[in-house]
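# Results of the structural survey
Below are the chains, spelled out letter by letter.
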Amino acid sequence: GPPVVPVRSVSRGPGGGAPLSSRPSAGQELGSTLNPKSMYVGDRVKLKGSSRAGEIMYVGSAQFAGGDTVVGIKLDEKRSQSDCDGKYKNERYFRCTAGYGIYQTKDEIELMASEQSDEDIRALQVSPAPDAAAFDLDAELERLVGLAEVKDSLRHTRNFIEVQRRRMSVTKDDAARALHFAFMHGGAGSGISAVSQLLGGLLLKLGVLASGHVVEVTRKELLAGCSGGDVDARVKKVVRAAEGGVLLIADAENLKESERSDRVGEEAVVALGKQLDSMRGATEWPQRFCLVCAGKRGVFQSFLTEQPNIGSAVFAKLEFSDLAAMDIARILRRIVEENKFQLAEELGDERLEVLVRRRMARGGGGGDGAAKNVRLAKAMLEEAVSRQTDRVWAKETLSLNGLTVLVEDDFVDKAKDQTEAAEAALRKLDSVVGLKPVKEMVRSLYAQLLVEQQKREMGIEGRGAGATLHMVFEGNPGTGKTTVARVVADLLKALGLLRTGHLVEADRSSLVAGYTGQTALKTKAVVESALGGVLFVDEAYALVGEDGKDSFGKEALDTLIKLVEDYRTDLVVIIAGYTAEMGKLLDSNPGLRSRFPNVMGFPDYTPDELLEIADQMLLQDVLYMSDAASQRLKSLLADLASPDKLQGDGRASGNGRAVRNILERARRNQAMRLQNGGPKLNKEELCTLQPEDFNGCVI
């Protein structure tokens, strides 16, 4: 007979409770058994008793079947004994490539679950639907830790649906609006997956969705295998897998790149918009699917504004605030129990909160790579189990409690190692010759940051954003600026304020491109390579030029300032150069002084300090000077450091680089002298520089 047409509207139970369709009567159950599920063009089916599968191209009567209903199918794989292309016994009901067509009766095929239709679709992350009958929103919200704003939004969604149901029953109008959502969060681990599953259960319970399962994808999974032109088909497949449930697109702000041409991303946004257009205006519940787009607030809000076909479909925006330390402690306790471990008796909630605060402080200001929220709790458990494993192995523990109990020491990070790392960095600073004012400022900054860290561990948070760490190093070349920058990077890593503490060196050529529009991209690439560490921009004044009309340099500087703000919790930038030129640079842009408040002046070395630097350099090469050679070098260095040598280009003469150049020439002179002195040389002769070796070393 003709196919059964499903009824989209859902009648309500007494008092506006759960839909009657979710509580089928015995008669309804019998009817669903006798009447096979309807099949439509586009459905995926499998031939019974075979591994063949394909897509329905036709459903209806056919003369070759005596007027009975047949199903025309385009198979995924070619048949070996047929060239059917949709035409059978001079009747054509669809068209496909020869050998891929087949006609079957309904009882010879079975519908495939949407998430099982394609190999790549089966790879998607699908969370099963909850039990609608047992679902209790208030109980689920009670189990959800933190997220007060999210809980309020979910309650409002429930209230809206139930009130709308009452309106529909009064007006006898089944028209409703499709419900789609935007999740605004601060980073991974905010709980978007758990809340999406909770939302699926709520919408299933209230008859807005038919199944309530959740399909979670990112751009990578949504557009897997797409290169352009095939995006629409791929999006349709993914949406089909989510039909009746929730399609969660995580990191939705990355669907389309805004800073460069992204044809695949543009097609994805258009294809997704088409799917939403089919549900715009008045629709009926249960709706086809519920779209949840999740992204980092700020950039995600901009995405929704720039893509109105998606943004305008959003029913409600849910704000996921970062969890408080106590909330993370409660989650940590829960996942410890779920993983069959237990906490020692002394680890009450308050003590666990202290450990979480300490771990949060070690994670720094919360850069993109820092674990947060639920991920922080999971990271703490993994770290604790790792330490406990070593502890148990060392003690050869065999008891149940000994193998499963986690004590406070298991959660304590290697603070001793951090302290030692900081002390090593300070020793390195002390080993630098001279620079007394610089050393004092670095130590004072370290003390300030250490106190701020201790406050955070104790839960003392000020309203300010904390110390601004970006710096300006002013001074002539060869005065130790790069060395001190490395010390600063090591100290900040030891304090947990930087993830990696690596140093990336750059100058104008690293940031400025030769073509319009490329400089911003080049600068961004350099900045991103330094995330988690320190970006050291030497001769930064060269970005603006002497006349201030360098448009490429200005673009690089403006981009750098913006990125400094965007990545303020995951990057420290140090700009360096001559004192006078750096002063002009700071004056040229109003935003520089406020963003780079820490100015360190690097004085030129005295002759005695330059001689000490020379001794250190020679020691690394297993060389030393005779007394006469030392006096000869000191005389040369005094001449270099004299005021008349420090004008114009001579500003580079009296510092560490000049010492290195002099010693390099002296080593070559020594080598020539020794070669002319005879074949037999002792160790002292090979390792000693004489006064004559310094002849002609100053150019």
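In this report, the structure presented in the accompanying data block is examined. What you see is a predicted model, and the numbers here were worked out from it, not measured in a lab. (Residues numbered from 1 in each chain as written. Predicted model: local features only at pLDDT ≥ 70, side-chain atom pairs only at ≥ 80, totals over all residues. Heavy atoms only, no water.)

## Brief notes about helix H4 (residues 148-171)
For H4, which comprises 24 residues, the first-to-last C-alpha distance of 34 Å matches the rise-based estimate of 34 Å (1.5 Å per residue) to within 8%. One or two steps after H4, the chain reaches Lys172, where phi turns positive at roughly 60 degrees. (Helix = DSSP H or I, 4+ residues; strand = E, 2+ residues; numbered from the N terminus. Expected span 1.5 Å × (residues − 1).)

## A word on the pairing of strand E12 (residues 246-249)
Going residue by residue along E12, you find Val246 and Leu248 tucked away on one face and Leu247 and Ile249 tucked away on the opposite face as well. As judged from the 4 bridges shared by strand E11 (residues 214-217) and E12, these two strands associate in the parallel manner. Paired with Val215 across the two strands is Leu247, which belongs to E12. Bridge analysis of E12 against strand E14 (residues 290-296) gives 4 bridges, and the strand direction is parallel. Residue Ile249 lies in a different strand from E14, and its bridge partner there is Cys293. (Buried < 20%, exposed > 50% of the residue type's maximum accessible area, 1.4 Å probe, protein only. Pairing = 2+ DSSP bridges.)

## Observations regarding the sheet that holds strand E10 (residues 181-185)
Spatial strand order, E8-E11-E12-E14-E10-E15: 6 strands in an open sheet with mixed pairing. Pairing within the sheet leaves two strands with one partner each, and these edge strands are strand E8 (125-127) and strand E15 (316-319). With direction set aside, neighbouring strand axes in the sheet form an average angle of 20 degrees. As paired strands, E10 and E14 are joined by 5 bridges and run parallel to one another. Along E14, the bridge assignment pairs Phe183 with Ala294. In the packing of helix H9 (residues 299-306) onto the sheet, contacts are made with E10, E14 and E15, and the angle to E10 comes to roughly 150 degrees. (Axes fitted to C-alpha atoms, helices over the stretch in contact; angles between N-to-C directions. Contact = heavy atoms within 4.5 Å.)

## Some remarks on the sheet that holds strand E21 (residues 572-577)
Read from one edge of the open sheet, 5 strands run E19-E20-E21-E18-E22, paired in parallel fashion. The open sheet has two free edges, formed respectively by strand E19 (503-506) and strand E22 (598-602), since each of these has just one partner strand. Neighbouring strand axes in the sheet, compared pairwise and without regard to direction, differ in orientation by 20 degrees on average. Sheet topology note: the strand E18 (residues 471-475)/E22 ladder contains 5 bridges and is parallel. From the neighbouring strand, Phe473 faces E22, where its bridge partner is Met600. This element, helix H22 (residues 579-588), spans E18 and E21 of the sheet and lies at about 145 degrees to E18.

## What about the packing of helix H20 (residues 519-529) against helix H21 (residues 551-566)?
It is at 9 Å that the axes of H20 and H21 come closest, and there the two elements cross at 40 degrees. Considered as vectors, H20 and H21 are oriented oblique to each other. The chirality of how H20 crosses H21 is right-handed. Mapping the contact onto sequence places Thr519, Ala520, Thr523, Lys524 and Val527 in H20 and Phe552, Glu555, Ala556, Thr559, Leu560 and Leu563 in H21. For the contact of H20 with H21, a count of residues per class yields 6 nonpolar, 3 polar and 2 charged. (Parallel < 35°, antiparallel > 145°, perpendicular 65-115°, else oblique. Left-handed = near helix turned anticlockwise from the far one by under 90°. Nonpolar A, V, L, I, M, F, W, Y, C, P; charged D, E, K, R; others polar.)

## Some words on the pattern of salt bridges
One pass over the structure, following the stated rule, counts 28 salt bridges. For Asp349, the salt bridge identified is with Arg333, shortest N-O distance 3.1 Å. Of the two residues, Asp349 is situated in helix H12 (residues 349-362) and Arg333 in helix H11 (residues 325-338); the sequence distance between them amounts to 16 residues. One salt bridge connects Asp566 with Lys562, and the closest N-O pair in it is separated by 2.7 Å. (Salt bridge = Lys/Arg side-chain N within 4 Å of Asp/Glu carboxyl O.)

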